[in-house]
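Summary of structural features
Read off the chains here:
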Amino acid sequence: MNTLLFPVILAGGKGERFWPLSRKDRPKQFLSLDGSSRSLLQATADRLIELGGGWDSLWVITSSQIAEGVKQQLPDLPVKNLLIESEGRDTAAAVAWTSLEIKQRYGEDAVIGFFPADHWIANQEAFAHTLNAATQLATSTAAIVTLGIKPTFPSTGYGYIEQGEKIGSFNELPAYHVNRFTEKPDRETAETFLSTGRFSWNSGMFVFRAGVVLKELHTHAPEIIEPLEQHGPDIYPQLPKKSIDYALMEKTTLAYVLPVDFGWDDLGDWNAIERLLKTEDTPNVELATHVGLDTQGAIIYASNPEDVVVTIGLEDVVIVRDRNVTLVVKKERTQEIKQILKILQSDSRFTDLL
């Protein structure tokens, strides 16, 4: 049985909630948001190439709009390991197509891991330890293993996984059968989840054998896997648009969770910058030349170092200056950036801003 892990980076997202820095020609995964010189996509690849045994084992699935950018960002990635979606159909189709391709090349016992391109991981050693555990579990059991992040606060922005019966330990990490997945809860429910100690955040990272996941897709999502098997990726635009959580994870009885703690953030919107970079001795997070008076709790970003952002009497706001756009939004309303993009999209004057 092949115990090598084939990591797959899911790199097709748009990152709209990081607009105006994230745009069609420069999506979030191409950005460096933690103050380093590596983009999110490059940092994800850096984490995974050693775990998978080098570039030959690493795969990326992305959209046709940004495929050339992926090639520029990851010049060492073999072309044969880059899958290009003609049209985005969410993560279920991406998982199904990639799993079919890896099975065809390496067999149904090939162990595959799926990883979003826009996650931040603090402790690489702990991350590698966890992936080794997940690979052991997926190799020894007909399991779809998900990494559950130990919650640090009652988040209403993440999905939750409830752990059930413990099935053993792998690489010294306990593994549990999944009782249920719960979408983003309200605050009271999230607080209840944390108090039980049985819930973890759904990281969107999965590990399984190719044959196991394909069999489960046949059972729970035949409308996705069967057209792909019959017609190949040409059928992609006709596939239903479903997440892997909705299409499979919420239905399968083979879901297992490893509750882990290696320092994680999904970098979902501008507030993530504060979680990464805020220090106790600074009133704001400043990735710009900023002159402020009575301003605190602000996140300030400017892509041009020559631009100066001046503020007076502001609190808990996000200010982003990029090219020909300035965004000012309350931190609590950054989720609504998507609504602004819909307004801009409907007006021909603003199409170059997207």
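Below is a summary of the structure that appears in this document.

Rules and cut-offs
- Residues numbered from 1 in each chain as written.
- Predicted model: local features only at pLDDT ≥ 70, side-chain atom pairs only at ≥ 80, totals over all residues.
- Heavy atoms only, no water.
- Pairing = 2+ DSSP bridges.
- Helix = DSSP H or I, 4+ residues; strand = E, 2+ residues; numbered from the N terminus.
- Axes fitted to C-alpha atoms, helices over the stretch in contact; angles between N-to-C directions.
- Patch = residues over 30% accessible without salt bridge, like charges linked within 9 Å, V, L, I, M, F, W, Y side chains within 5 Å.
- Areas by Shrake-Rupley, 256 points an atom, 1.4 Å probe, with all protein chains shown as cover.
- Salt bridge = Lys/Arg side-chain N within 4 Å of Asp/Glu carboxyl O.
- Buried < 20%, exposed > 50% of the residue type's maximum accessible area, 1.4 Å probe, protein only.
- Core = buried A, V, L, I, M, F, W, Y, C linked by side-chain atoms within 4.5 Å.
- Contact = heavy atoms within 4.5 Å.

One open sheet holds the four strands; their spatial order is 12-14-16-17, and the pairing between them is mixed. The sheet is open, and its two borders are formed by strand 12 (285-287) and strand 17 (325-330), each paired with just one other strand. Mean inter-strand twist for the sheet, computed between neighbouring axes without regard to direction, equals 5°.

This part is about a nonpolar patch on the surface. Nonpolar side chains collect at one region of the surface, where Val291, Val308 and Val310 lie side by side and expose about 270 Å² of accessible area between them. Here Val308 lies in strand 15 (residues 308-312). We classify Val308 as partly exposed; its relative accessible area is 49%.

Below, the discussion takes up the pattern of salt bridges. A complete count under the given rule lists 19 salt bridges for this structure. For Lys28, the salt bridge is made with Asp118, and the minimal N-O distance between the two is 2.8 Å. Of the two residues, Lys28 is situated in the loop between strand 1 (5-10) and helix 1 (40-52) and Asp118 in the loop between strand 4 (111-116) and strand 5 (120-121); the sequence distance between them amounts to 90 residues. Summarising the burial analysis for this pair, Lys28 and Asp118 share the class buried. A salt bridge links Asp109 to Arg209; its shortest N-O distance comes to 3.6 Å. In this pair, Asp109 is assigned in the loop between helix 3 (90-106) and strand 4 and Arg209 in strand 9 (residues 199-209), connecting sequence segments 100 residues apart. In the salt-bridge network here, residues are joined through shared partners; they are Arg23, Asp25, Arg26, Asp322 and Arg323.

Turning our eyes to something else, we now look at the nonpolar core. If you look at the biggest cluster of nonpolar residues, it comprises 47 residues, and the most contacted ones within it are Ile9, Phe127, Leu258 and Phe262. No other element matches helix 4 (residues 124-140), which puts seven residues into this core. Ignoring anything within four residues of it in the chain, the contact list for Ile9 reads Leu41, Thr44, Ala45, Leu48, Leu58, Trp59, Val60, Ile61, Phe115 and Ala117. Val8, Ile144, Ile161 and Ile235 belong to the second largest nonpolar core, which has 43 residues in total.

Geometric values such as these leave the question of function open.
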